[in-house]
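Summary of structural features
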Amino acid sequence: MISDKKVLIKGNYAIAQAAINAGCQCYFGYPITPQTEIGEYLSAKMPELGRGYVCAESELGAINMVVGASATGVKAMTSSSSCAIALMQEALSYAYSDELPAVVVNVMRAGPGLGYVYPAQGDYNQAVYGGGNGDYKIIVLAPSTVQECIDYTYRAFYLAQKYRNPVMLLADGLLGQMMEPACFGEYPYPEVDVSSWALKGAKGRDGKAIYSCARDEQEHIRKIERLFAKFELIAENETSYEEDLTKDADIVLTAFGSMTRNIKAATRALREKGIKAGWFRPITLSPFPTKRIYELAKEGKDFVVVEMNMGQMFKDVKYAINGEAHVDLINRPCGEWLSVEEIVSSVEKIMGGKYANCI
Amino acid sequence: MEKNFIFAGFGGQGVLLAGTILANSFMLQGKNVTWYPCYGAEMRGGTVNCEIVVSDTEVSSVHKQDTDFALVLNQQSFDKFVKRVKAGGTIIANSTLVTESKPRTDIKYIFAPMGDIANSLGSAKVTNMVSLGVLADTCDLVSKEYLAKAVELVLGEKKKQFLPLNLKALEAGCGALV
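Computed from a predicted structure; not experimentally measured. (Residues numbered from 1 in each chain as written. Chains lettered and ligands numbered in written order. Predicted model: local features only at pLDDT ≥ 70, side-chain atom pairs only at ≥ 80, totals over all residues.)

What follows concerns the packing of helix 4 (residues 127–138) of chain B against helix 6 (residues 163–174) of chain B. Residue and element names in this part refer to chain B. Relative orientation of the contacting elements helix 4 and helix 6 amounts to 40°, with a least axis distance of 6 Å. Relative to helix 6, the element helix 4 lies oblique. The chirality of how helix 4 crosses helix 6 is right-handed. Residue-level inspection shows M129, V130, S131, L132, G133, V134, A136 and D137 of helix 4 in contact with helix 6, the latter providing N166, A169, L170, E171, A172, G173 and C174. (Axes fitted to C-alpha atoms, helices over the stretch in contact; angles between N-to-C directions. Helix = DSSP H or I, 4+ residues; strand = E, 2+ residues; numbered from the N terminus. Parallel < 35°, antiparallel > 145°, perpendicular 65-115°, else oblique. Left-handed = near helix turned anticlockwise from the far one by under 90°. Contact = placed C-beta atoms within 7 Å.)

Laid out in structure tokens, this is it:
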């Protein structure tokens, strides 16, 4: 499905078709609500295209198959949801250490533990800071619309290969289950040459190896420093965000993923009431747009973070602001997404409180 | 301007499909639209619903507490969603399965025997298409012509043989309130 025509499509199907368009050769997965449609779609399409589809015996199996396939340089992906992404953390640490371009999709549901199938945003920390061992960083992209599910799936495959680093697409049950008009277009990125490192058989050349085990202390230190320098380059080149009405704003509403939709509408509603509000949303949660948030805070703008968890991105925003401005949190752990009306009245309360203190 | 619709009924009555057709009709009109189903432990015979939001700008909340329009095909859905219609909103009910009652005074009620109309056309399965016709008659935002185009788009080549009956049912729904 490569077309400029808009189609009404579910987020899960959009991610799956975008993976096909991006040239994903192997998909390994295990069903879990609310992302099962990704595997369902690919189970039909991948064999038709002569590509690999395996319904793994478990999520552990699935992610380690992705690690294996990625080591051969092919584009490989798995998808799952919150509590099952938790099972994959060990392999993500390995994939980072091995510099493998694994693509992982997390369509978040409510946690902790088994939680429930409805949407939530409680995996920010799991995605950004990881549950695996050691110093490692993966790239995390957070879509807010079905169109962005497509665009960021394309970007995930490209960035993974460009930097040889695992990438996570962090969506949620709302995006996975909803339909919205979207356009696939063509995969917009160039193909990355992987021949220097991919393990495809050593016939006619010397052997190569990919391993995460350190052979001595100095080599280990050099490797970690090199990988962190690489991630600094990623931060410099790839950090992305969107903002609007921030120029003259007194207060900046901040959210990630599908909550972005609600803060955009809440900003409009606040402006109609004469409150100078703006909005800001990180597109890459890792690397995080720390610098831009600091600049805005330095200009004297206060922040409100709106998220469906107990305040996870809140800490990153607070860190970025570094004491230069106020930052408040509007949140709920899971369940009904915070409505535009709730956000507007909470912001009014926050601003009222602030001015009351000033007087 | 942003308006939302909830479609609800028994699993198997085709409310998700009817919602998909409405959402497609809005897309064909060039509007911003989202469709969101209830999901989880739903089953055949239980109740099922989906929510469609249409907007001039990007849709804000995809899933809202209250609704401008509720289209309900069975009694359980009427009882559940009559409470969630906004003051001044409209509930449209299939009176073949829903007892005509008006528990609130601040909303508009439309009752039409959608199931009976569908049966008279030869199949209770097209009750959902009849309901879309009634909706088009009730709500200015919804276009009968674009609904017909959306039915064709959603059925596609594979289910083309069902197109005439579905279009007939849509037409019959449009005339049901006259």
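This is not the end of the story, as more comes after the structure.
The next thing to look at is helix 3 (residues 59–71) of chain A. Since the α-helix packs 3.6 residues into each turn, any two residues three or four apart lie on the same face. All names here are of chain A. The terminal C-alpha atoms of helix 3, which comprises 13 residues, lie 18 Å apart, in line with the 18 Å expected from a rise of 1.5 Å per residue. All buried positions along helix 3 are accounted for by E59, A62, I63, M65, V66, V67, A69, S70 and A71. Contacts made by the buried residues of helix 3 are with strand 2 (26–29), strand 3 (52–55), strand 4 (76–80), helix 4 (82–86) and helix 5 (89–97). Phi turns positive, to about 90°, at G73, one or two residues after helix 3. (Expected span 1.5 Å × (residues − 1). Buried ≥ 20, exposed ≤ 12 C-beta atoms within 10 Å, placed from the backbone.)

Before going further, it helps to spend a moment on the domain arrangement of chain A. Residues and elements named next belong to chain A. As far as domains go, chain A holds domain 1 (7–186 + 211–238) and domain 2 (242–358). If you average the C-alpha positions of domain 1 and of domain 2, the two centres end up 27 Å apart. Listed by partner, the interface residues are 25 residues for domain 1 and 20 residues for domain 2. Counting only elements with at least two residues in the side of domain 1 that touches domain 2, the list comes to helix 6 (124–128), strand 6 (139–141), strand 7 (167–172), helix 8 (173–177) and helix 9 (217–238). Of all the elements, helix 6 adds the most residues to the side of domain 1 that touches domain 2, at four residues. Tallied by class, residues from the side of domain 1 that touches domain 2 come to 18 nonpolar, four polar and three charged. (Domains from an automatic or database assignment. Nonpolar A, V, L, I, M, F, W, Y, C, P; charged D, E, K, R; others polar.)

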